[in-house]
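Single-letter residue listing:
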Amino acid sequence: MKIEKLGVILPQWELLPDIGLYMDQVIMLMERTFSPALPKGEITKSMVNNYVKVGLVPRPTGKKYDREHLAVLLMICVLKQALSMENIAQILNSLCADGVQEGYDHFRQTAEAIESSALEGSLGIGRENVEEQALRSGLMAALSTVRTSRLLEELRNRTHEKGV
C-alpha cells in the first residue's frame with residue numbers, strides 16, 4: 001500500500017480557479033478536483049451556506065465564489081475532521097490575519113511538512129508561538145483522522161478483493 005497517496009494534498013494557491021464560480025460549480029469542483037484533499041462527501045451547499053452565515057467564509061460576490069472562498073473552504077474541510085467550528089474560526093482568524101492567500105499558503109506548507117514528517121516517522125508540535133502550535137496540533141489531528149479513514153478503507157478493499 002502506498003501510504004504517501006493516502007494523505008491530504010492541497011493544491012497551490014495558483015491552481016485554485018481565479019474566476020467566480022456559482023455554488024453548484026464550487027461543490028462540483030471541491031468534490032471532483034480537490035477530492036484528494038478532502039474526505040468523501042465532506043462539502044454540501046448547506047454547509048457552505050452555514051459557513052457563510054456564521055462568518056467563517058466571506059459572503060460571495062454576486063452569488064459567485066472566488067479563489068479566497070475556495071481556499072477557506074479547503075482549510076475548513078480539513079480542520080473539521082478533528083476540530084469544532086469555534087476552534088476552526090479561531091485558527092483561521094489567526095492564520096489569515098495578513099490575508100487569505102498568505103494564510104492558505106502557510107496552511108498548505110504546514111500540512112505538507114506534517115505529512116512528510118509522518119512518513120519519516122517523526123512528528124512534533126515544535127516550539128513556535130501558541131498560534132503556530134495550535135495550527136500544527138489541529139492539522140496533525142485532522143490529517144491523522146483522514147489518514148486513518150483512508151487506511152481502513154484500503155484494508156476493507158483488500159479484504160473485499162480477497163473475498164474474506
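Cut-off values and rules
- Residues numbered from 1 in each chain as written.
- Predicted model: local features only at pLDDT ≥ 70, side-chain atom pairs only at ≥ 80, totals over all residues.
- Heavy atoms only, no water.
- Helix = DSSP H or I, 4+ residues; strand = E, 2+ residues; numbered from the N terminus.
- Buried < 20%, exposed > 50% of the residue type's maximum accessible area, 1.4 Å probe, protein only.
- Contact = heavy atoms within 4.5 Å.
- Areas by Shrake-Rupley, 256 points an atom, 1.4 Å probe, with all protein chains shown as cover.
- pLDDT = per-residue confidence, 0-100.
- Axes fitted to C-alpha atoms, helices over the stretch in contact; angles between N-to-C directions.
- Parallel < 35°, antiparallel > 145°, perpendicular 65-115°, else oblique.
- Left-handed = near helix turned anticlockwise from the far one by under 90°.
- Core = buried A, V, L, I, M, F, W, Y, C linked by side-chain atoms within 4.5 Å.

J.: Can you walk me through the overall build of the protein in this structure?
T.: Per the secondary structure count, the protein includes six helices and zero strands. Counted from the first residue to the last, the protein has its helices and strands arranged as α-α-α-α-α-α. Counting every position in the protein, which comprises 164 residues, the buried fraction comes to 40%. A sequence separation of at least 24 residues applies to 70% of the contacts in the protein between residues at least 6 apart. Within the structure as shown, the protein displays about 9500 Å² of accessible surface, and the carbon and sulfur contribution to it stands at 50%.

J.: Where do I start with unusual backbone geometry in this structure?
T.: Across residues other than glycine, the phi torsion is negative in most instances, and most of the peptide bonds are trans. In the Ramachandran plot, Lys-63 falls in the positive-phi region, its phi being about 65° despite a non-glycine side chain. Tracing the backbone through its elements, the reader meets Lys-63 in the loop between α2 (45-53) and α3 (67-79).

J.: I keep staring at the confidence of the model for the protein and nothing clicks. Help me out?
T.: Caution applies to low-pLDDT parts of the model: their predicted coordinates are not meant to be read in detail. Residues at a pLDDT of 70 or more form 83% of the protein, whose mean pLDDT is 84. Considering only residues more than four positions removed or in separate chains, one finds that residues 1-6, a stretch of pLDDT under 50, has twelve contacts.

J.: Quick question: what am I supposed to make of the packing of α3 against helix α4 (residues 85-95) here?
T.: One can describe the packing of α3 onto α4 by two numbers: an axis separation of 10 Å at closest approach and a directional angle of 135°. Compared by their axis directions, α3 and α4 come out oblique. Both α3 and α4 take part in a crossing whose hand is right-handed. Two secondary-structure elements touch here, α3 through Val-72, Met-75, Ile-76 and Leu-79 and α4 through Met-85, Ile-88, Ile-91, Leu-92 and Leu-95.

J.: Explain the environment of Pro-60 here, please?
T.: Structurally, Pro-60 can be placed in the loop between α2 and α3. For Pro-60, a relative accessible area of 26% gives the class partly exposed. Residues Pro-60 and Leu-21, 39 residues apart in the sequence, show an inter-C-alpha distance of 9.3 Å. Setting aside chain neighbours within four positions, we find Pro-60 in contact with Val-52, Tyr-65 and His-69.

J.: Hey, could you run me through the nonpolar core in this one?
T.: The tendency in soluble globular proteins is for nonpolar side chains to be buried as a group. In this structure, Met-30, Leu-73, Met-75, Ile-76, Tyr-104, Phe-107 and Leu-139 are the most contacted members of the largest nonpolar core, which totals 41 residues. Residue contributions to this core peak at ten residues, all from α3.

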